[in-house]
Amino acid sequence: MTTAPALPGLQPGRATAAHGPPIAVDPSAAGFRALALQVRTMGLLDRRPGYYWVKITLTVFAFFAGWALFVIVGNSWAALAVAPLVGMMFTQLGFIGHDAGHNQVFRTRRRNRLLGLIVGDALIGLSFGWWVPKHNAHHAHPNELGRDPDIGEGAALASPDVPENGRGSLTSWLARWQAPLFFPLMLLRSVGMHVLGIQRLLRRRDQASAVEASLIVLHAALYLTAVLWVLSPLKALAFVAVQQAVFSLYLGISFAPNHKGMPIIESATTTGFARRQVVTARNISGGRFTTFALGGLNYQIEHHLFPSMPRPNLRRVQGLVRDFCVATDLGYREESFVESFRQSVHHLSNAGATTSRPG
C-alpha cells in the first residue's frame, strides 16, 4: 500500500463530508495549475493514435474471435465455457467506449462519438448517448450527495448524511443489506444500464436518439439471432445469462474500487477541483496487467485530474501527481485490488449496521 498523509479532517475508507478550505485559499488550486501546465508542456495530453489503433484492432478482433469460437463449439453445453470470454470482451470494448466518451482517442468530438456509438450501441448494446452525460456528471461531482449519479450504487446508501426519512422502504432495506448484496447486485449491472439507456432514448425521441435506438435494435437482433441459430432455446438462455453476468461483474469490479468507501462530499460544499477529485478517489496498485484488466481505471486519481488524458499516459503522469498530492497535503490513496474491496465491503457493512439501528 502506498499512501501520503490523509487530508486533515478525513479518515480514509469512511464516508464523511469532504470539507476543505475555500477555493480562494486552497493551496492545491495554485499547485494544480502549475501541474496542469507542466503536464501539457510534456505532451501528456496529446493523443496517442498509434496506441489506440492497435488497441481497438486487437480488441475488436478478440471480440469476433470469441463469437467465432462460439459458432465452432456449436449446440453444446460447452458453449457456456465461451460465454465468459464473450462477456469479458464486452467489458474490454466498454473500456474503449469510456476512453471515447472522454475524447481520449481522437482529436475531434465527432470522431470520438462515432467510435462510442460503434463499440457502445452496436457491439455491446449500451446507449453511449445516455452514458456520457451521466459519467461526466460523476467526474464533475465525484461522491457528492445529490449530484453524483453513481453515488446511488452504494455510497449514498452508506452515507450517514442521508436521513432515514429521506429514504424509501426499499432503499432503507438495501442500505441495511448493502454489504452482502455488494457482489450479487453487480451481476445485474448491465441489465440496469440497458434499461436506463433505453428509457432515455424513449424520452428524448430526437434524431440522435433514433440513430442510437437503431444501433441497439441491430445489436439485439444480431446477438439473439446468433445465439438462437447456434443453440437450443434452453442452452441459449443459459448462455445469455452467463455472458451478461460476466460482463456485469467484470464491469462492476473495474469501477467499484475507485470510489466506494471513500469520503462523501456534502451537496453544495465549496472545495477546489483538485481537492474534490483526489480525496474521493482510490488507485489500484499493480503493473501492466492490472492496467490492461481494469482498462486504465487503476489510475483513478490521475484520470480524475486529467480525464481527457490518453490511457497509456496515465502511468507516465503518476509520479508527478503523487508528488503534487504530497506537497499539497491532499493524500494519495493506492491499495491492492483485494484490499480495496475489503475496505469497501467493511465500510458498507459498518454503514449498514448503523442504518439498521433505531434512531
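Please refer to the structure higher up on the page.
All of the points below concern the structure found in this document. Keep in mind the model is a prediction, meaning the values are calculated, not measured.

### Concerning the pattern of salt bridges
Piece 1. As enumerated under the stated definition, the model contains seven salt bridges in all.
Piece 2. Two residues, Arg311 and Asp99, come together in a salt bridge whose shortest N-O distance is 2.9 Å. Placement of Arg311 in the loop between helix H14 (300-305) and helix H15 (314-327) and of Asp99 in helix H3 (residues 83-101) is noted, with a sequence separation of 212 residues between them. As far as the burial class goes, Arg311 and Asp99 line up, both buried.
Piece 3. The salt bridge involving Lys134 is made with Asp150; its shortest N-O contact spans 2.6 Å.

### Quick notes on the packing of H3 against helix H11 (residues 233-255)
Piece 1. One way to put it is that H3 packs onto H11 with a least axis distance of 8 Å and a crossing angle of 40°. By the angle between their axes, H3 is oblique relative to H11. Judged by the sense of rotation from one axis to the other, the crossing of H3 with H11 is right-handed. Where H3 abuts H11, its residues Ala83, Pro84, Val86, Gly87, Met88, Phe90, Thr91, Gln92, Phe95 and His98 lie against Phe239, Val242, Gln243, Gln244, Val246, Phe247, Tyr250, Leu251, Ser254 and Phe255.
Piece 2. Of the residues belonging to the contact of H3 with H11, the class tally is 13 nonpolar, seven polar and no charged.

### Things to note about empty space enclosed by the protein
Piece 1. One pass over the structure, following the stated rule, counts one cavity of 30 Å³ or more.
Piece 2. Lining the largest cavity we find His98, Asp99, Gln104, Gly295, Gly296, Leu297, His303, Met309, Arg311 and Leu314.
Piece 3. Residues that form the lining of the largest cavity fall into these classes: three nonpolar, five polar and two charged.

### Structural notes on the nonpolar core
Piece 1. The biggest cluster of nonpolar side chains holds 35 residues, and the ones touching the most others in it are Trp67, Phe70, Phe90, Leu115, Leu231 and Phe239.
Piece 2. Counting residues per element, the ones that place at least two in this core are helix H2 (49-73), H3, helix H4 (109-123), helix H5 (128-140), helix H10 (207-230) and H11.
Piece 3. With seven residues, the single largest contributor to this core is H3.
Piece 4. Core analysis: the next-biggest nonpolar cluster, separate from the first, contains 20 residues, Ala274, Ile301, Leu305 and Cys325 among them.

### A closer look at the environment of Asp46
Piece 1. Positionally, Asp46 belongs in the loop between helix H1 (27-41) and H2.
Piece 2. According to the relative accessible area criterion, Asp46 is partly exposed, its value standing at 47%.
Piece 3. Sequence-distant contacts of Asp46, defined by excluding residues within four places in its chain, comprise Pro310 and Asn313.

Definitions and limits used
- Residues numbered from 1 in each chain as written.
- Predicted model: local features only at pLDDT ≥ 70, side-chain atom pairs only at ≥ 80, totals over all residues.
- Heavy atoms only, no water.
- Salt bridge = Lys/Arg side-chain N within 4 Å of Asp/Glu carboxyl O.
- Helix = DSSP H or I, 4+ residues; strand = E, 2+ residues; numbered from the N terminus.
- Buried < 20%, exposed > 50% of the residue type's maximum accessible area, 1.4 Å probe, protein only.
- Axes fitted to C-alpha atoms, helices over the stretch in contact; angles between N-to-C directions.
- Parallel < 35°, antiparallel > 145°, perpendicular 65-115°, else oblique.
- Left-handed = near helix turned anticlockwise from the far one by under 90°.
- Contact = heavy atoms within 4.5 Å.
- Nonpolar A, V, L, I, M, F, W, Y, C, P; charged D, E, K, R; others polar.
- 1 Å grid on protein atoms, 1.4 Å probe; cavity = no way out; pocket = protein on both sides within 12 Å on 5 of 7 lines; lining within 4 Å.
- Points joined across faces, edges and corners; volume = space filled by probe spheres on them.
- Core = buried A, V, L, I, M, F, W, Y, C linked by side-chain atoms within 4.5 Å.

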